[in-house]
Amino acid sequence: MGVERERASLMSSSLSLSLEPTSLEYKRARRHHYKSTKNRAEGFDWTPFRAAEKKYKARFPPPDLSDVLDLALLDQARSSDVAQAGWKGRPDTVQIKEIGLKDARAKVARTRKAFTVSGIPGLVILPSFISEDTQRDLIRWSLSEHARQPNETNLDTHYCLPTSGLWSTYLRSPETIITPRASSSPNLSPDSPGRRHLISNTPASPAIFSLLVSTPKHPPAPSAHARPFNAGELLPRLRWANIGWSYHWATKQYDFSREVQPVGELFRKVCTEVVRSIRWHDIFGCHDTESLDGWGDDGPDWQTWEETYEPDAGIVNFYQTKHTLMGHVDRSEICATSPLVSISLGNAAIFLIGGLTREVVPIPILLRSGDIIVMSGPACRRAYHGVPRIFEGTLPAHLSEGTDTDDESWAPYARYMDTARININMRQVFPKGFDPGLEQT
Ligand SMILES: O=C(O)CCC(=O)C(=O)O
Ligand SMILES: [Fe+2]
């Protein structure tokens, strides 16, 4: 089958849900596209990163994924997931190199393969690293144990959430009304409490640490427009939950005056297994990457990551398939090189990763459930990245309702995941040997 025909048949199979050309949603998207492009010379001043975001975000025409790196295609065991999802990229859009992994002590891995990508030193992709059982455990943990007090979520500022957590309230009685903190107003913008506002901030570093500590971190004001929702209605409005150090979204700085929360043991186990499995010498010890600047005052620290890597902060992102995450750089951590481990669960997404500015043309990568990417070192850890698209209808069978787990308690998680993607994004705030001098109570 020729490439074009193959793509055409791929498109039609992948369009079976909302993007079926005769469906209302497709027609609506086409109307919107014509309207928004009429009389406008769109795109002439977009950066390469913005242009890529626009391309993959578009509902009409549906994006062509022939430029998207899709490493699931190298794995026979994933062929039914790929076929069922419909959307697929290619395994050879950029030069990749397989790197061997060390034997890990813990065993959360399903597939022990890892790849580096030419042009982005420090990026490691581990397709299908997480076993099916561990994917389910991570999803359960994220919703039922993690997204509740004392870990802060986007909803806490605006709603009086039950101490047992939103998820367990939803399971017990989805009709339970959750009341807003401030008095309600009829002019609600339903998304307002959930948004992640991406504000520019000064990159954190050891040199400005005392400035960061002394910057006032005012508590965010509850929205006056939030209105009551029942637990079932509020759940899709959950967008993030903090891990470890408390993050202050208004200043985009960590609030070191607040007690650091313990990192969930399963999250920690997965991340340390990943970082300890990678032979960092294969990544940074070679001629091309050894001389890179930006490693900080103590020089390249990758030699010690096997012992010094310790995730102490992060975020669990809860996406509905209509959501996106704009291009950004994660630069609030004092350590600008230590590995950031990012775990994808649920529906598949396009992940864009570029360079230190939006002028660098990003590489699009199709991330599927169980995939991990690691962003490390000076060229990658603070590279622009984002999620312009999540594909509906791409939940793999092992997470879907009716999966033969013999465990009926999975059903509500499967229903939630049907329209969701969860990303667990783990970072290390402090570099090795850095004494923050913080008194924790
Ligand atoms: O969802 C993802 O894959 C990326 C999330 C991310 O970049 C972040 O939380 O900073
Ligand atoms: Fe990020």
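Everything numeric here is computed off the predicted structure, so don't read it as measured data. (Residues numbered from 1 in each chain as written. Chains lettered and ligands numbered in written order. Predicted model: local features only at pLDDT ≥ 70, side-chain atom pairs only at ≥ 80, totals over all residues.)

**Q** Would you mind showing me how to read the overall build of the protein here?
**A** A tally of regular secondary structure across the protein gives 14 helices and 16 strands. Counting all 441 residues of the protein, 42% fall into the buried class. When contacts within the protein are restricted to residue pairs at least 6 apart in sequence, those whose partners lie at least 24 apart make up 78%. (Helix = DSSP H or I, 4+ residues; strand = E, 2+ residues; numbered from the N terminus. Buried ≥ 20, exposed ≤ 12 C-beta atoms within 10 Å, placed from the backbone. Contact = placed C-beta atoms within 7 Å.)

**Q** Looking at this structure, how should I read helix H3 (residues 48-57)?
**A** Residues that lie three or four places apart on an α-helix share one face, since the helix turns once every 3.6 residues. Inspection of H3 places Phe49, Ala52, Glu53 and Tyr56 among the buried residues, and these make up the whole buried set. One face of H3 carries all of its buried residues, which in axial projection span an arc of 105°. Looking at the packing, one finds that the buried side of H3 touches strand E10 (325-328), strand E12 (349-353), strand E13 (363-367) and strand E15 (385-390). (Arc of directions from axis to C-beta.)

**Q** Mind showing me how you'd approach unusual backbone geometry here?
**A** Generally, phi is negative for residues other than glycine and the peptide bonds are trans, each holding for most cases. Residue proline 61 follows phenylalanine 60 across a cis peptide bond; omega there is -5°. Within the secondary structure layout, proline 61 lies in the loop between H3 and helix H4 (79-85). A cis amide bond, omega 10°, links glutamine 149 with the succeeding residue proline 150. Phi is positive for serine 128, which is not a glycine, with a value near 55°. By the element assignment, serine 128 lies in the loop between strand E3 (123-126) and helix H5 (132-146).

**Q** For this particular structure, what's the right way to read the sheet that holds E15?
**A** Two modes of strand pairing occur in sheets, parallel and antiparallel, and in both the strands are linked by backbone hydrogen bonds. Taken together, four strands build an open sheet; the order of strands is E10-E15-E12-E13 and the sheet is antiparallel. The open sheet terminates on both sides in strands that have one partner only, identified here as E10 and E13. Averaged over all neighbouring strand pairs, the angle between strand axes comes to 25°, with direction disregarded. Summarising the sheet, E12 and E13 pair through five bridges and their orientation is antiparallel. Bridging from a neighbouring strand, isoleucine 350 pairs with leucine 366 of E13. In the packing of H3 onto the sheet, the strands contacted are E10, E12, E13 and E15, and the crossing angle to E15 comes to about 15°. (Pairing = 2+ DSSP bridges. Axes fitted to C-alpha atoms, helices over the stretch in contact; angles between N-to-C directions.)

**Q** Any chance you could explain the site of ligand 1 here in plain terms?
**A** By nearness alone, every residue bordering ligand 1 is listed as Ile315, Asn317, Leu325, Asp330, Ser342, Ser344, Phe351, His385, Val387, Asn423 and Asn425. Elements with a contribution of two residues or more to the shell around ligand 1: strand E9 (313-320), strand E11 (340-346), E15 and strand E16 (420-427). (Near = placed C-beta within 6 Å.)

**Q** Help me understand the environment of alanine 83, please; the structure alone is not making it clear to me.
**A** Among the structural elements, alanine 83 can be located in helix H4. Exposure remark for alanine 83: the 11 C-beta atoms within 10 Å place this residue in the exposed category. When the C-alpha positions of alanine 83 and threonine 394 are compared, they lie 9.6 Å apart, and in sequence the two are 311 residues distant.

**Q** Honestly, the sheet that holds E9 in this entry has me stumped. Any pointers?
**A** Strand order in the open sheet made by the eight strands is E1-E2-E3-E14-E11-E16-E9-E6, with antiparallel pairing throughout. A strand with exactly one partner marks an edge of an open sheet, and here the two such strands are strand E1 (96-99) and strand E6 (240-244). Averaged over all pairs of adjacent strands, the angle between their axes in this sheet comes to 20°, without regard to strand direction. Alignment of strand E2 (residues 114-117) against E3, held across two bridges, turns out to be antiparallel.

**Q** I keep staring at the nonpolar core and nothing clicks. Help me out?
**A** Where a protein is soluble and globular, its nonpolar side chains tend to be buried together. Ranked by internal contacts, the top residues of the largest apolar core, which has 107 residues, are Leu166 and Val274. Those residues in contact with valine 274 that lie beyond four places of it in its chain are Leu126, Phe129, Val341, Ile372 and Val374. (Core = buried A, V, L, I, M, F, W, Y, C linked by C-beta atoms within 7 Å.)

**Q** Can you walk me through helix H9 (residues 265-277) in this structure?
**A** With 13 residues, H9 extends 18 Å from end C-alpha to end C-alpha; this agrees with the ideal 18 Å at 1.5 Å per step. Listed as buried for H9 are Phe267, Val270, Cys271, Glu273, Val274, Val275 and Ser277. Those residues of H9 hidden inside the fold are in contact with E3, E6, helix H12 (305-308), E11, strand E14 (372-375) and E16. (Expected span 1.5 Å × (residues − 1).)

**Q** Can you walk me through the confidence of the model for the protein in this structure?
**A** Any segment with low pLDDT has predicted coordinates that should not be analysed in fine detail. Within the protein, residue pLDDT values average 86, and 86% of them lie at 70 or more. Predicted confidence is poor over residues 1-17, with pLDDT under 50, and the contacts of this stretch with residues over four places away or in other chains come to 15 contacts. Within the model, pLDDT remains below 50 along residues 184-194, and this stretch shows 21 contacts once partners closer than five positions in the same chain are excluded. Among the scores for the predicted complex, ipTM is 1.00 and pTM is 0.87. (pLDDT = per-residue confidence, 0-100.)

**Q** Looking at this model, I keep getting lost on the environment of proline 63. Mind explaining?
**A** Mapped onto the fold, proline 63 is located in the loop between H3 and H4. Among all residues touching proline 63, those that are not within four sequence positions of it are Lys55, Tyr56 and Ala58.

**Q** Looking at this model, I keep getting lost on the pairing of E14. Mind explaining?
**A** The two faces of a sheet get side chains in turn, since along a regular strand they alternate between them. Residues Ile372 and Val374 line one face of E14 and the alternating positions Ile373 and Met375 line the opposite face, and both faces are buried. In this sheet, E14 lies alongside E3 in antiparallel orientation, the contact comprising four bridges. Among the inter-strand pairings, leucine 123 is bridged to a residue of E14, identified as methionine 375. Across four bridges, the pairing between E11 and E14 is antiparallel. Opposite serine 342, over in E14, you have isoleucine 373 as the bridge partner.

**Q** In this structure, what is going on with the environment of tryptophan 46? I would like to understand it.
**A** With respect to the element layout, tryptophan 46 can be found in the loop between helix H2 (24-37) and H3. Between the C-alpha atoms of tryptophan 46 and glutamate 359, which are 313 residues apart in sequence, the distance is 9.2 Å. For tryptophan 46, the contacting residues outside a window of four places in its chain are Ala51 and Lys54.

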